[in-house]
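# Survey of secondary and tertiary structure
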Amino acid sequence: MPKVYTFIADGTEETELLCVVDILRRAGIDALTVSVGGATVTSSHGVKITADMTISDCAFDDADLLFVPGGMPGTQTLAADKTLIRAIADALKSGKRVAAICAAPALVLAANGFLDGKKATCFPTFADRMSACEYLPTARVVTDGNVTTARGMGCSVDLGLELVKLLTDEQTAEQIKNSIQY
């Protein structure tokens, strides 16, 4: 069974987080939430979320994918976490997958050179921070190699289904899509 670690902090966008995790779990993927900070975070819209673990609890060696949702100021907190940035660098170096949505492609991935030379998307107000990649402003979800990016909260289902397809197969993604009436 594939394993995904999703990183959260106070101010994470709850729909981006929960929608993707929900779709992954429906597909039988072990999707865990990892807090940067305390075990319980408050989302960007005031929803309390208890993480499965904190970032100090895991080395992420068994990850198939690391996922960074957006939201403010959560993305800024995640971008400043050296353990998270090191985990992403290690994952990419070893050929594992990384995904980010909304502000996270720009503030976490592009800011650390992880999108250099790749095609990617993000929330439009962060497009100016995507200069080292080929920014695709109208794409909902972009996968280039082992990196997947998505534009924003309205693209959360698309991102979840893309990750299911990448981690399992197209048939499973289509089955989930139909089961959720998408």
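Refer to the preceding data block for the structure.
Predicted model only: the values in this text are computed from it and were never measured.

### Some remarks on the packing of aromatic side chains
Overall, the coordinates contain two aromatic pairs when judged by the stated rule. Centre to centre, the rings of Tyr-5 and Phe-60 are 5.0 Å apart; their planes meet at 80°, and the pair counts as edge-to-face. Taken together, the residues span a long stretch of sequence, with Tyr-5 in strand S1 (residues 3-8) and Phe-60 in the loop between strand S5 (53-54) and strand S6 (65-68) at a distance of 55 residues. Owing to a relative accessible area of 7%, Phe-60 belongs among the buried residues under this scheme. When the centroid spacing of 5.2 Å and the interplanar angle of 65° are considered together, the rings of Phe-7 and Phe-60 count as edge-to-face. Of the two residues, Phe-7 sits in strand S1 while Phe-60 sits in the loop between S5 and S6, which places them 53 residues apart along the sequence. Overall, the relative accessible area of 0% leaves Phe-7 in the buried class. Through successive ring pairs, a cluster of aromatic residues spans Tyr-5, Phe-7 and Phe-60.

Rules of the game
Residues numbered from 1 in each chain as written. Predicted model: local features only at pLDDT ≥ 70, side-chain atom pairs only at ≥ 80, totals over all residues. Heavy atoms only, no water. Phe/Tyr/Trp six-rings, centres within 6.5 Å; stacked < 30°, edge-to-face > 60°. Helix = DSSP H or I, 4+ residues; strand = E, 2+ residues; numbered from the N terminus. Buried < 20%, exposed > 50% of the residue type's maximum accessible area, 1.4 Å probe, protein only.

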